[in-house]
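Overview (structure and organization)
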Amino acid sequence: MTEKLLTAVIVVIGVPGVLVGYIWGTEQVLRLFPERLKPTVRPWLWLAPALGFLGLFLVYPTIGTIIRSLQDKFGKEWVGIANYAWFFGNDDALSALKNNLLWLVFLTLFVVGIGLLVAVLVDRVRYESFAKSVIFVPLAISMVAAGAIWLNMWLYKPPGEPQTGTLNAAIGVVGVGPIPWSQVTDFSVNTFMLIIVMTWMWSGFAMVIISAALKGINPELMEAARTDGANELQIFRGIVFPLLVPTLVVVATTMIITALKAFDIVYTMTGGQLDTNVIANFMYQEMFNVGNYGRASAVAVVLLIAIVPIMFFNIGRFRAQEAVR
Amino acid sequence: MTTAAATLDAPTSRSWFSRMRGKIGLHTALVILMIVWLVPTVGLLVNSFRPGSEVDGSGWWTALFPPYTFTFENYAHVLSQANLGTNFLNSLFISIPATVIPIFVAAFAAYAFSWMEFPGRNILFVVVVGLLVVPLQATLIPILTLFASWGLVGTFLAVWLAHTGYGLPFAIYLLRNFMGSLPREVFESAAIDGASPVTAFFRLAIPMSVPAIAALAIFQFLFVWNDLLVALIYINLIHPDSLPMTVNIANLITSHGGGTEFIGAAAFLSMALPLIVFFGLQRYFVRGIVGGSVKG
């Protein structure tokens, strides 16, 4: 442990030292260049560490995964699209894909809906910042901890035993249940149980962004509508909501990506069993439990392809923003 | 300001009453929402202080009434028996360098993107925006293979490097948006006064970007502290002495099934630091979210 501590201290002090030294060193290196070339060379020296990390940890491995997905288990033989054929002919894979679709639709709807609702409601009360903190705080904790917290909510004991899970005890009061929440596979109820946990975590994220946009709306617009006799609901539908749409789109794209990448919650709460598997966890299982890197790579590429449209959408939006700057 | 507003609104009792009645639906909805949001956490927090026998026999709400039987045993148990003390330190050792390194690397790049002219600048930044959403899953196998051949699997260095790479697109994006909006005149006059880019960077760009850097630091720290996947892959379960808390707690949950009293204590130990960071620096955290909301 002391060894680890020593390493950490050296890293925390040493690495910034090295990096600052590097940037200072670039000016020394630039002295070797003629004055004319300095502005051309300098940016690349400043970018070099970042480009190195991005290249090594994002660009190279993504290309590597695409190539690996066309190879067999051991990476020795080229198998063409066999790994993809396996994926799309595999019931477990398709079930994971179906669950990701449920995640995508419902996590996005729930988070954007609740975020919008809370942002609009808290705007009208004095305890706004307190209420926001309460909704927002789950975003700071790990999904593993959130999983632990919510297992205590969904906990099921057979009828006759005292129900110690919060939800089964609550519905027991009105004479319903108990319901084995995380074991109901009909209509993917248990996938919804997991989506609810993520909704609990991410609604605060949506609320914060939507609330910031809401505060940016010129109050005179609403005041004018009020003077003209519009009620609150009409003002919301006619003025506030249309102005919030771009913000809602930003939140929705973020949630779509979060839904597609969902892993921690599934790994922690169900391990992907009981028809709750998702692509990311399926890839992990194929990688570690089965050890077939070719197939696991194909699964990762399917996930990547699902995300590509969002990537281009974001780039388009970014360009539009830059054009305005 | 608050006092002034309060005095201005100071209502006669009657108008206050009628306004309250008009707002009762609003307050009810908000209070219900807040309770729904708090109950799950409170439930596990209460259970984490109850003896195991009681946790299995009765719901957490029964502990709110006498006789009180709260205990620290679960915390003592997970710290000594479940290796969680070591995991806590590991989480710290992983998170701090994995926060510091990308901030420096990103700040250099963001400064170049903001205040230096070079061919391909826009295209390169568009690539960074594209990389924001690349799923980590698409990088795991080649990186793991690489780390294995370098003998880095199970080391902190592996996760420091990986987290730096994974965190960079967002870090560059956030810092560049902030640095790029600093006033141009400041940098121009510094250049006229003969300040080198290095001087302008350390004396002007960095001090003026402190709010963005603080937001980024909190973000990256929480991201790494809360991470499960990266540690699970690059440290791996076969190196239990180097694992961060998240991986061990996920293991406690998957292996114990229902032993919620230890899981609760473990979960709250792992939440302590994020919650302190959150409540202490919420303002910067919010700023980071609003300023960088293309991030997936």
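These numbers come from a predicted model, not from an experiment.

All names here are of chain A. Looking at the secondary structure, you find Lys-98 in helix α4 (residues 91-122). Judged by its relative accessible area of 37%, Lys-98 is partly exposed. In this structure the C-alpha to C-alpha distance between Lys-98 and Ile-195, which are 97 residues apart in sequence, comes to 14 Å.

Judged by nonpolar contacts, the single largest core of 202 residues is most densely connected at Trp46(A), Trp103(A), Tyr111(B), Tyr166(B), Ile172(B), Tyr234(B) and Ile289(B). Among the elements that make up this core, the one with the highest residue count is helix α5 (residues 84-115) of chain B (16 residues). Residues contacting Trp46(A), with those up to four places away along its chain left out, are Ile23(A), Thr26(A), Phe108(B), Ala109(B), Tyr111(B), Ala112(B), Met116(B), Pro197(B), Val198(B) and Phe201(B).

With that settled, consider unusual backbone geometry. Residues and elements named next belong to chain A. The phi torsion at Leu-274 lies on the positive side, around 55°, for a residue other than glycine. The exposure class of Leu-274 is partly exposed, given its relative accessible area of 40%. Its identity as a non-glycine residue notwithstanding, Asp-275 has a phi of 60°, on the positive side. Relative to the assigned elements, Asp-275 resides in the loop between α11 (264-269) and α12 (279-290). For Asp-275, a relative accessible area of 27% corresponds to the partly exposed category.

So, about helix α13 (residues 293-324) of chain A. Over its 32 residues, α13(A) runs 45 Å from end to end, which matches the ideal 46 Å to within 8%, given 1.5 Å per residue. Its axis deflected by about 35° at Ile307(A), α13(A) carries its strongest bend there, up to four residues before the proline Pro309(A).

Residues and elements named next belong to chain B. It is at 6 Å that the axes of α5 and helix α8 (residues 156-179) come closest, and there the two elements cross at 40°. Between α5 and α8, the interaxial angle falls into the category oblique. In the crossing of α5 with α8, the sense of the turn from one axis to the other is right-handed. Class assignment for the residues of the contact of α5 with α8 results in 23 nonpolar, 4 polar and 1 charged.

On to the environment of Val39(B). Locating Val39(B) in the fold gives a position in helix α2 (residues 13-48). Here Val39(B) is in contact with Met153(A), Thr166(A) and Trp60(B), once residues within four sequence places are set aside.

Attention now goes to the packing of aromatic side chains. What the rule picks out here adds up to 41 aromatic pairs over all chains. When the ring of Trp150(A) is compared with that of Trp154(A), the centres are 5.2 Å apart and the planes differ by 50°; the resulting orientation is tilted. Within this pair, Trp150(A) and its partner Trp154(A) are both found in helix α6 (residues 143-154), separated by 4 residues, close to a single helical turn. Each of the two residues, Trp150(A) as well as Trp154(A), counts as buried. Through successive ring pairs, a cluster of aromatic residues spans Trp46(A), Phe108(B), Tyr111(B), Trp115(B), Phe187(B), Phe201(B) and Phe202(B). Sitting above the plane of the Phe125(B) ring, Arg176(B) keeps its charged end 4.4 Å from the centroid.

On to the domain arrangement of chain A, then. Residue and element names in this part refer to chain A. For chain A, the domain assignment lists domain 1 (2-68) and domain 2 (92-324). Relative placement of domain 1 and domain 2: their C-alpha centres are 37 Å apart. Taken together, the 4 residues of domain 1 in the interface contact 6 residues of domain 2. Taking both partners together, domain 1 and domain 2 bury about 400 Å²; carbon and sulfur atoms supply 74% of that area. Interface area lost by domain 1 to domain 2 is led by Thr-65, Ile-66 and Arg-68, which between them contribute 88%. On inspection of domain 1 and its partner domain 2, the count reaches 0 salt bridges. Between domain 1 and domain 2 we count 0 residue pairs in polar contact (both at pLDDT 80 or more) in total.

Procedures and definitions
- The numbers attached to residues start from 1 for each chain and follow its sequence in the written order.
- Both sets of labels track the order of writing: A upward for chains, 1 upward for ligands.
- Side-chain atom pairs in this predicted model are given and counted only at pLDDT of 80 or more, local residue features only at pLDDT of at least 70, and totals for whole chains, interfaces and linings cover all residues.
- Side-chain calculation: all heavy atoms of the structure are included, whereas hydrogens and water are not.
- In DSSP terms, a helix is any run of H or I states spanning at least four residues, a strand is any run of E spanning at least two, and both are numbered starting from the N terminus.
- Think of it in three bands: residues with accessible area under 20% of the maximum for their type are buried, residues over 50% are exposed, and the middle band is partly exposed, with areas taken using a 1.4 Å probe on protein chains only.
- The criterion is simple. A nonpolar core is a set of buried Ala, Val, Leu, Ile, Met, Phe, Trp, Tyr and Cys residues joined through side-chain atoms within 4.5 Å.
- Contact between two residues is taken to exist if any of their heavy atoms lie within 4.5 Å; hydrogens are not considered.
- Here a helix's expected span is defined as the number of its residues, less one, multiplied by 1.5 Å.
- By definition, a residue's bend is the angle between the axes fitted to the seven residues ending there and the seven starting there.
- Every axis corresponds to a line fitted to the C-alpha atoms, with the helix fit spanning only the stretch in contact, and the corresponding angles, defined between N-to-C directions, vary from 0 to 180 degrees.
- Any angle that is under 35 degrees is reported as roughly parallel, and any over 145 degrees as roughly antiparallel; angles of 65 to 115 degrees are reported as roughly perpendicular and all others as oblique.
- Left-handed describes a crossing whose near helix is turned anticlockwise from the far helix by less than a right angle; the clockwise case is right-handed.
- Here the nonpolar group is Ala, Val, Leu, Ile, Met, Phe, Trp, Tyr, Cys and Pro; Asp, Glu, Lys and Arg are the charged ones; every other residue, Gly included, is treated as polar.
- Planes of paired rings set the category: under 30 degrees apart is stacked, over 60 is edge-to-face and the rest tilted, where pairs are Phe, Tyr or Trp rings (Trp by its six-membered ring) whose centres lie within 6.5 Å.
- Our definition puts a charge over a ring when NZ of Lys or CZ of Arg is within 6 Å of the ring centre and also within 35 degrees of the ring normal.
- Domain segmentation is taken from an automatic or database assignment of domains.
- Note: buried area is the sum, over both parts, of the accessible area (probe 1.4 Å) each one loses when the two are combined.
- Every case where a carboxyl oxygen of Asp or Glu lies within 4 Å of a side-chain nitrogen of Lys or Arg is listed as a salt bridge.
- Pairing of N or O atoms within 3.5 Å defines a polar contact, subject to two protein rules: one partner must be a possible hydrogen donor and the other a possible acceptor, and residues neighboring in sequence count only if both atoms are side-chain atoms.

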